[in-house]
Protein chains: 2
Amino acid sequence: MGRADFDLSLYLIADVEGARGADLVAITRAALAGGATLVQLRAKSIDGGAMVDLARALLAETRAAGRRLIVNDRIDVCLAAGADGAHVGQDDIAPADARAMLGPDRILGLTASSPAELRRFDAAIVDYVGIGPAYPTASKDTPKPVLGPDGVGRLARTLPCPAVGIGGIGPGRAAPVIAAGAGGVAVIGALCGAADPAAAARQLIDEINEARS
Amino acid sequence: MGRADFDLSLYLIADVEGARGADLVAITRAALAGGATLVQLRAKSIDGGAMVDLARALLAETRAAGRRLIVNDRIDVCLAAGADGAHVGQDDIAPADARAMLGPDRILGLTASSPAELRRFDAAIVDYVGIGPAYPTASKDTPKPVLGPDGVGRLARTLPCPAVGIGGIGPGRAAPVIAAGAGGVAVIGALCGAADPAAAARQLIDEINEARS
């Protein structure tokens, strides 16, 4: 249960908006059964109380699967639910403030999309960095320039911690990101929007494992 | 600096949306100069990083005035900014979870609008309750039945802690709420939307003091 004990390979962003009304707990359970290795709760549109309840429900699934749950943005929701860590973007609570609240044992992740964004923070206090967008994506309000798998790999190589590629990743697009040097891929729509999230996760894990072999 | 050391008399809700683009720090400084006794930062529409920055700026004003700053909803922003306490609504992080994060020395407030909502929580863990709406208000997405000053007073008398009336309170509407038994009035528009927030605060404080005498 140490801070280093997590696997970025197939990182499910369990996104309330991305699920479009479908049952996020059922999606997460299925994705974990199919091989998702880490889960992040992202819920920009719901109140804090509902988010704590959802985090607790997801935590029961990740615990049962022997995996970790990260909470996006809300450090307070992470702590209230007893989740395994938090993830902050460039506009969220600063990594140093987040680390002070989380303590040394919880996982802390950060999103960055450029060398300038990486220079803003002290890399020693985060455990991984989400780098993207790897491909074009419609899931962010303010789109950033697309890095491509090679751009993700270039930024990843400047880091003292593992990197996970994010943005527009689905079947056929995971392998190039892994091959470029990322420790894993983070996906929203490819799992939250899948008719069969377990099958979709199995397909992505196969692709990731093949890219590594 | 103990948890009991705050004055609910004229509680400014410094609301980013309520300020409609005006400088919330300047509004707060003026309201404090005019006699506001407590300040709450409410910022539903801005990101966590910007909210921490704003909380730190408001904290400089409240500290200079010898007053306290409470942060609405986001316990993490309260802790990151080093604010004096947090306020939660019925849909936010539960009071018990908030208290666990805040520790025993920070102020914790709760909003309630009915006996049923008051029964949901353990009154011993909060330091005050905001009761409303005292009058009709347009500032909430989901309007609750208007309690009127007497309704605020009736709920206030059931509490083991002080109550502050909230909702639609402005000049001429503060005295009835105080006379009904509230320990203070919380205002948004009457100060955030005032042409001269210092004069508006002076007028309200005079009305409150007169109602108490």
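All values reported here derive from a predicted model rather than from experimental measurement.

Participant: What should I look at first to understand the relation of the copies chain A and chain B in this one?
Facilitator: In this arrangement, two copies of a chain are superimposed by a rotation about an axis accompanied by a shift along the axis. For the match of chain A to chain B, the screw axis carries a shift of 0.0 Å, the RMSD comes to 0.0 Å, and the turn is 180°. With respect to symmetry, the two chain copies, as superposed, fit the operation of a two-fold axis. Residue A:Asp76, judged by its C-alpha, is the member of chain A lying nearest the rotation axis, at 2.4 Å. Taken together, the interface assignments show that 100% of the residues at the interface of chain A recur at the interface of chain B, consistent with an identical surface on both copies.

Participant: What's the story with helix H4 (residues 95-102) of chain B in this structure? I'm lost.
Facilitator: Because an α-helix completes one turn every 3.6 residues, residues spaced three or four positions apart along the sequence face the same direction. Within H4(B), six of the eight residues are buried, which leaves it mostly tucked inside the rest of the structure. By the burial criterion, the buried members of H4(B) are B:Pro95, B:Asp97, B:Ala98, B:Arg99, B:Met101 and B:Leu102. Against the buried residues of H4(B) lie helix H2 (48-64) and helix H3 (75-81) of chain A together with helix H3 (75-81), strand S4 (85-88) and strand S5 (107-112) of chain B. Directly after H4(B), the chain includes B:Gly103, whose backbone phi takes a positive value near 80°.

Participant: Would you mind showing me how to read the interface of chain A and chain B here?
Facilitator: How large an interface is tends to be reported as the accessible area lost when its parts come together. The partner chain B presents 18 residues to the 18 residues of chain A that form the contact. Both faces combined, the contact of chain A with chain B buries some 1,300 Å², and carbon together with sulfur accounts for 53% of it. Contact with chain B buries area across many residues of chain A, yet A:Arg74, A:Asp76 and A:Ile93 alone supply 34% of it, more than any other trio. In this structure, the salt-bridge partner of B:Arg74 is A:Asp73, at a minimum N-O distance of 3.5 Å. In this structure, the connection of chain A to chain B is made through 11 residue pairs in polar contact (both at pLDDT 80 or more). Breaking the side of chain A that touches chain B down by element, the ones donating at least two residues are H2, H3 and helix H4 (95-102) of chain A. For the side of chain A that touches chain B, a count of residues per class yields eight nonpolar, two polar and eight charged.

Participant: Which parts of the structure should I look at to understand the pattern of salt bridges?
Facilitator: Any two side chains of opposite charge can pair, so long as their charged atoms come close to each other. All names here are of chain A. Overall, the coordinates contain 24 salt bridges over all chains when judged by the stated rule. Where Lys 44 meets Asp 73, a salt bridge forms, and the shortest distance between an N and an O atom there is 3.5 Å. Of this pair, Lys 44 sits in the loop between strand S2 (38-42) and H2 while Asp 73 is found in the loop between strand S3 (68-72) and H3, placing the two residues 29 residues apart along the sequence. Lys 44 gets classed as partly exposed once you look at its relative accessible area, which sits at 47%. Between Lys 44 and Asp 92 there is a salt bridge whose closest N-O contact spans 3.9 Å. Of this pair, Lys 44 sits in the loop between S2 and H2 while Asp 92 sits in the loop between strand S4 (85-88) and H4, and the two are 48 residues apart along the sequence. Residue Asp 92 is classed as buried on the basis of its relative accessible area of 8%.

Thresholds, definitions, all that
- Residues numbered from 1 in each chain as written.
- Chains lettered and ligands numbered in written order.
- Predicted model: local features only at pLDDT ≥ 70, side-chain atom pairs only at ≥ 80, totals over all residues.
- Heavy atoms only, no water.
- Least-squares fit on C-alpha atoms with pLDDT ≥ 70 in both.
- Contact = heavy atoms within 4.5 Å.
- Buried < 20%, exposed > 50% of the residue type's maximum accessible area, 1.4 Å probe, protein only.
- Helix = DSSP H or I, 4+ residues; strand = E, 2+ residues; numbered from the N terminus.
- Buried area = accessible area lost by both parts, 1.4 Å probe.
- Salt bridge = Lys/Arg side-chain N within 4 Å of Asp/Glu carboxyl O.
- Polar contact = N/O pair within 3.5 Å; in protein donor to acceptor, adjacent residues only side chain to side chain.
- Nonpolar A, V, L, I, M, F, W, Y, C, P; charged D, E, K, R; others polar.

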